[in-house]
Amino acid sequence: MADKRISDFPTLADAKDDDLILVSSAEDTYNMKVATLKAATAQVASDAVQAAENAGAQARAAQDKAAAAQSAAENAGDEAAAALEKADALNGRLGGIAEDMAAKVDGAYVENGYLYLTSGDEVAAGPLGPFSGGGGGGSTGGLLMSLKNLLPSRTLTVSGEGAALLRFAYTSAYEEGQDDGPGVGTITVGGAKRATLSIPQGENELDIAPYLTAGANTVKLKVENSEGASRTLSYTVTVVTLSMATTFDPLGVYSGPVTFSYTVTGSGAKTVHFLMDGAELGSEIVQSSGRSRSYALPAQADGAHRLTAYAEVTEGGVSVASNTLQVGMLWVSPTMSAPAVLSNFAQTEAKQGEILTIPYIAYDPQAESAAIILEVIGEDGTAARTQSLTVDRTPQAWAVQDYPAGAVTFKITCG
């Protein structure tokens, strides 16, 4: 074969399909027809185009999925926010309902398998159910039971010296009207059982004062019928107590102004009144309780006088008065000339033969001792007993047992 130059060979584009071309690699050399090379090249190009198209489609699909995912995430976020907002609103409503129910509902009972919630003795919710099985009271065998408060309020304020009356109506009867007799009532105060008593059918009035203590008392009245069903009423009863005390001598001799010491015990703003011989000297407002206080008494005319002191307070629309202090006071002066007798004895009734002790002071400004006469005068004005004696200026006690029946006068005469 003659020598040929590269320019003597046709280009790949001009080569015939049956022409051979030399294809070499790093180690081997091959002869390949042009048609084969063209077919391989076309396939590679076609594969490359198809791969590019597939990659583009996949990229577009990925973009679509990403957009869809983002849209779904946004929608999910909006829905979650809306759900949270609805949940918050629902929680608020449920919380408000729960608070309202807690504030209003004060009792419950089961009747004929249904639950009733009560507020102020009225049904606030129900019937709920039906339920089966045991319950916390109510009808167990066809008995219809009711326990209703008849007071204007179940929050009461009473005096510690008075009654604490509950008024309520109790019924427990079959549908045809036949009742099952009295119920068994239980009174608890502050969770402690204080009494068990029979509760008749119909309206009742019950004094619970013996079971109360000073201050606020939580009282529950539970009534159970013959079949074990029960109803309960709850009350808050505030007992207002007020008392006065003094260390002042019951009888004493004074000259000039006097400072009267006393103690008042009780809650609230208390008004303390001071009276001399029945006429009010003055009053003062006391906020403290159990603390010693003093009140200035002006000098009185020579002779015997009686000081009266008491306190009063109003709480919960109830006015309460304390016990009354009575002190006998004998005022004297250098110019006093007439004798005087002082006594703070205030008893108005006694049984015949009962020993009466009458305290007194006899004061004679002309002598250290006073000559006195003690007389027991019957209803007809006749002296049933007379006694003469001499006493000093200190407090004395007249003990007398022998006196007639009827209106009797015990008379002490000095001068």
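All figures in this text were calculated on a predicted structure; none of them were measured in a lab. (Residues numbered from 1 in each chain as written. Predicted model: local features only at pLDDT ≥ 70, side-chain atom pairs only at ≥ 80, totals over all residues. Heavy atoms only, no water.)

> Sorry, what's going on with the overall build of the protein here?
What the protein contains, in helices and strands, is one helix and 28 strands. For the protein, buried positions account for 28% of its 415 residues. Counting contacts in the protein only where the partners sit at least 6 residues apart, residues at least 24 apart contribute 57% of the total. Accessible surface, the protein: about 24,600 Å² in total, of which carbon and sulfur atoms supply 52%. (Helix = DSSP H or I, 4+ residues; strand = E, 2+ residues; numbered from the N terminus. Buried < 20%, exposed > 50% of the residue type's maximum accessible area, 1.4 Å probe, protein only. Contact = heavy atoms within 4.5 Å. Areas by Shrake-Rupley, 256 points an atom, 1.4 Å probe, with all protein chains shown as cover.)

> Explain the sheet that holds strand S27 (residues 396-400) to me, please; I cannot follow it from the model alone.
Backbone-to-backbone hydrogen bonds join strands into a sheet, with any given pair of strands oriented parallel or antiparallel. Pairing within the open sheet is antiparallel, and its three strands lie in the order S23-S24-S27. Among the strands making up the open sheet, the edge pair consists of strand S23 (340-342) and S27. Pairs of neighbouring strands in the sheet enclose a mean axial angle of 35 degrees, with direction left out of account. (Pairing = 2+ DSSP bridges. Axes fitted to C-alpha atoms, helices over the stretch in contact; angles between N-to-C directions.)

> Help me understand the packing of aromatic side chains in this model?
The geometry of an aromatic ring pair comes down to the distance between the two centres and the angle between the two planes. Within this structure, the stated rule accounts for nine aromatic pairs. Taken together, a centroid distance of 5.1 Å and an interplanar angle of 70 degrees make the contact between Phe248 and Phe260 edge-to-face. Of this pair, Phe248 sits in the loop between strand S14 (243-245) and strand S15 (251-254) while Phe260 sits in strand S16 (residues 258-265); the two residues are 12 residues apart in sequence, bridging distant segments of the chain. The class for Phe248 is buried, based on a relative accessible area of 16%. By relative accessible area, Phe260 is classed as buried at 0%. Consider the rings of Tyr262 and Phe274, whose centres lie 5.5 Å apart with planes at 70 degrees: the pair is edge-to-face. Linking Tyr262 in strand S16 with Phe274 in strand S17 (residues 270-276), this pair joins segments that are 12 residues apart in sequence. An identical accessibility class is assigned to Tyr262 and Phe274; each is buried. (Phe/Tyr/Trp six-rings, centres within 6.5 Å; stacked < 30°, edge-to-face > 60°.)

> Would you take a moment to explain the environment of Thr348 for this structure?
With respect to the secondary-structure elements, Thr348 resides in the loop between S23 and strand S24 (356-363). For Thr348, a relative accessible area of 74% gives the class exposed.

> What exactly am I supposed to notice about unusual backbone geometry here?
With the exception of glycine, most residues fall at negative phi, and the peptide bonds are largely trans. If you check the backbone angles, Asp277 has positive phi at about 55 degrees while not being a glycine. Within the element layout of this structure, Asp277 appears in the loop between S17 and strand S18 (279-286). Overall, the relative accessible area of 46% leaves Asp277 in the partly exposed class.

> Just checking my understanding: could you explain the sheet that holds strand S6 (residues 144-149) for this structure?
Ordered in space as S6-S8-S11, the three strands form an open sheet in which the pairing is antiparallel. Only two strands of the sheet have a single partner each, and these edge strands are S6 and strand S11 (202-207). Going across the sheet, the axis of each strand differs from the next one's by a mean of 25 degrees, ignoring polarity. Summarising the sheet, strand S8 (residues 165-173) and S11 pair through six bridges and their orientation is antiparallel. Pairing of Tyr170 across the sheet is with Gly202, part of S11.

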